[in-house]
Each structure stands twice: as structure tokens, then as C-alpha cells.
Amino acid sequence: MAEPLDKLLVRVRNCQICAASLPLGPRPVVQIARQARIMIIGQAPGLRVHKTGLPWNDASGDNLRNWLGVSREQFYNPSLFAIMPMGFCYPGKSTSGDLPPRPECAPAWHHQLWELLPNIELTLLIGRYAQRYYLIGEAYATLTETVRHWQQYAPTRIPLPHPSPRNRRWLSQNPWFEQEELPALRARVHEVLGDTQR
């Protein structure tokens, strides 16, 4: 029998699997409730998220909420949105941004958490790490091509680029994303959330 979600979350939030590799130590950031309808799988918390403990609490999160057409109140309602990054803790800085998410998290925790989430109707795969992990044998060679073919994965999965402000160039080079995919994404989110969207 599956472990109760509240007990599993205690173990997740006390995880020390890769503590020795984290420059600021462990602070797993995850938002989960059994009633959640939409799952967001991104990369790993940034520094601001690490400091606040609130997922997507930065400019990237503002962009993501705009993409989805939801309010902060809706986004941070765990009965609506589950948020489970590929790496639960801030991995530290590299020369060109943050380091990749730690590879230990997803194999250790994702399957256990998925087993306790029976109501997920839509999974958003944000960035290449989530797409490579969850679209094994289905992802294209590049993130751009995977996202461009989003209709192949819909309506239950939708691949997205990272909503970082640093991705403005990508957005300008791929206008189809805002013209075609975002309206469909918002419509699907509205469909899944139903009355809670109003």
C-alpha cells in the first residue's frame, strides 16, 4: 500500500541525498496535493526560490503564470497545481546561469509522488531536462523541435520552453509559440481547471 502523501512529503522535504553537492545545502521546493489537476515539471529552483521556499517565485514564474492565464492565487493552490521540478533544490551557479538540476531527485522521488496523484489531467514539461526524462523515445533532437510539435503530446502533456526572461531571443525567433501554442495552452488549462478558473 502506498505511503500517505503527507508522510512522503515530510521525507521529500528532509531529503539529504545530494546535500554534499549543494552549495547552499538542501531546501527541497515542491507543491503537491492529492486533488491537483495540473502538474508542472520544470528544472530546479533558482536562488530567489531557494531563499523564499516558494516555487516559481521570480520573473520566470510571472511569465509562466501569464502563459497559463492564471492568477498567483490559483497557481499557488496545491489542489489545482502540483509543482515537482526535476531537481528539488537550488543546484548553484554555473558560468552561464544555474547548474543543471541534480540527477538524483527525479529517480528517487517522482514515481513515488506520481502514485499519489490520481487527478492529474495535464502535465507541463518545462525545459529540456523535463522533456528528456518524460518523453523518452518521443522527444525531438532539440527543445525547439519538441516544443514545435507540442500537438503530438497534447492534450495530456505539453512541452514548453523555460519562461526565463533570458529566453526573449528564443521567443522572437519562434513567433509560432506565442501565436499558436500559448492560446491552445491557455484553453487547455481553462478546460482542466473548469469553474476554478473564474
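As a reminder, the structure under discussion sits directly above these lines.
Residues numbered from 1 in each chain as written. Predicted model: local features only at pLDDT ≥ 70, side-chain atom pairs only at ≥ 80, totals over all residues. Heavy atoms only, no water.

## Some details on the overall build of the protein chain
Counting its secondary structure elements, the protein chain contains nine helices and six strands. Relative to a compact globule of 198 residues, whose C-alpha radius of gyration would be 16 Å, the protein chain shows 16 Å and is just as compact. Overall, the C-alpha framework of the protein chain stretches about 45 × 40 × 35 Å when taken along its three principal axes. Counting only residues that meet the buried cut, the protein chain has 47% of its 198 residues in that class. Restricting the contact set of the protein chain to residue pairs at least 6 apart, pairs at least 24 apart contribute 70%. Averaging the positions of the 22 positive and the 16 negative side-chain charges in the protein chain gives two centres separated by 6 Å. (Helix = DSSP H or I, 4+ residues; strand = E, 2+ residues; numbered from the N terminus. Rg over C-alpha atoms; globule rule 2.2 N^0.38 Å. Buried < 20%, exposed > 50% of the residue type's maximum accessible area, 1.4 Å probe, protein only. Contact = heavy atoms within 4.5 Å. Lys, Arg positive; Asp, Glu negative; His and termini not counted. Charge placed at Lys NZ, Arg CZ, Asp CG, Glu CD.)

## Quick notes on the packing of aromatic side chains
Under the counting rule described, the total for this entry stands at eight aromatic pairs. Geometrically, the ring pair formed by Trp67 and Phe177 is edge-to-face, given 5.0 Å between the ring centres and 70° between the ring planes. A residue pair is termed long-range when its members are at least 10 positions apart, and Trp67 in helix α3 (residues 59-68) and Phe177 in helix α9 (residues 176-193) qualify at 110 residues. Judged by centre distance (5.1 Å) and plane angle (65°), the ring pair of Tyr133 and Tyr134 falls under edge-to-face. Residue classification places Tyr133 among the partly exposed residues on the basis of a relative accessible area of 34%. Of the aromatic side chains, those joined through ring pairs into one cluster are Trp67, Trp170, Trp176 and Phe177. (Phe/Tyr/Trp six-rings, centres within 6.5 Å; stacked < 30°, edge-to-face > 60°.)

## Some thoughts on the layout of surface pockets
By volume, the largest pocket is sized at about 970 Å³. As for the largest pocket, its lining consists of 38 residues, of which Gln43, Ser60, Asp98, His162 and Ser164 are closest to the centre. Mapped by element, the contributors of at least two residues to the lining of the largest pocket are α2 (47-52), α3, β3 (93-94), β4 (97-98), α6 (128-134) and α7 (143-148). Looking at which element gives the most residues to the lining of the largest pocket, the answer is α2, with three residues. Residue composition of the lining of the largest pocket, by class: 20 nonpolar, twelve polar and six charged. (1 Å grid on protein atoms, 1.4 Å probe; cavity = no way out; pocket = protein on both sides within 12 Å on 5 of 7 lines; lining within 4 Å. Points joined across faces, edges and corners; volume = space filled by probe spheres on them. Nonpolar A, V, L, I, M, F, W, Y, C, P; charged D, E, K, R; others polar.)

## Comments concerning unusual backbone geometry
Pro155 follows Ala154 through a cis peptide bond whose omega is 10°. When you line up the elements, Pro155 lands in the loop between α7 and β6 (157-160).

## Focus on empty space enclosed by the protein
Taken as a whole and judged by the stated rule, the model has one cavity of 30 Å³ or more. Volume-wise, the largest cavity comes out at about 60 Å³. Surrounding the largest cavity, Cys15, Gln16, Ile17, Cys18, Ala19, Leu22, Pro26, Pro28, Phe88, Cys89, Cys105 and Trp109 form its lining. Taken together, the residues of the lining of the largest cavity break down into eleven nonpolar, one polar and no charged.

## Points about the sheet that holds β6
What the four strands build is an open sheet, ordered β2-β1-β5-β6; its pairing is parallel. Whereas interior strands pair on both sides, the edge strands pair on one side only; in this sheet they are β2 (81-83) and β6. Taken pair by pair, the neighbouring strands of this sheet meet at an average axis angle of 20°, ignoring direction. One ladder, built from three bridges, connects strand β1 (residues 38-41) with β2; its direction is parallel. Note that in β2 the partner of Ile40 across the bridge is Ile83. (Pairing = 2+ DSSP bridges. Axes fitted to C-alpha atoms, helices over the stretch in contact; angles between N-to-C directions.)

## What to know about the nonpolar core
Within the largest apolar cluster, 27 residues are counted, with the highest numbers of intra-cluster contacts made by Ile40 and Leu68. Residue assignment for this core shows that the elements contributing at least two residues are β1, α3, β2, β5 (122-126), β6, α8 (168-173) and α9. With seven residues, α9 is the single largest residue contributor to this core. Core analysis: the next-biggest nonpolar cluster, separate from the first, contains 25 residues, Cys15, Ile32, Met39 and Met84 among them. (Core = buried A, V, L, I, M, F, W, Y, C linked by side-chain atoms within 4.5 Å.)

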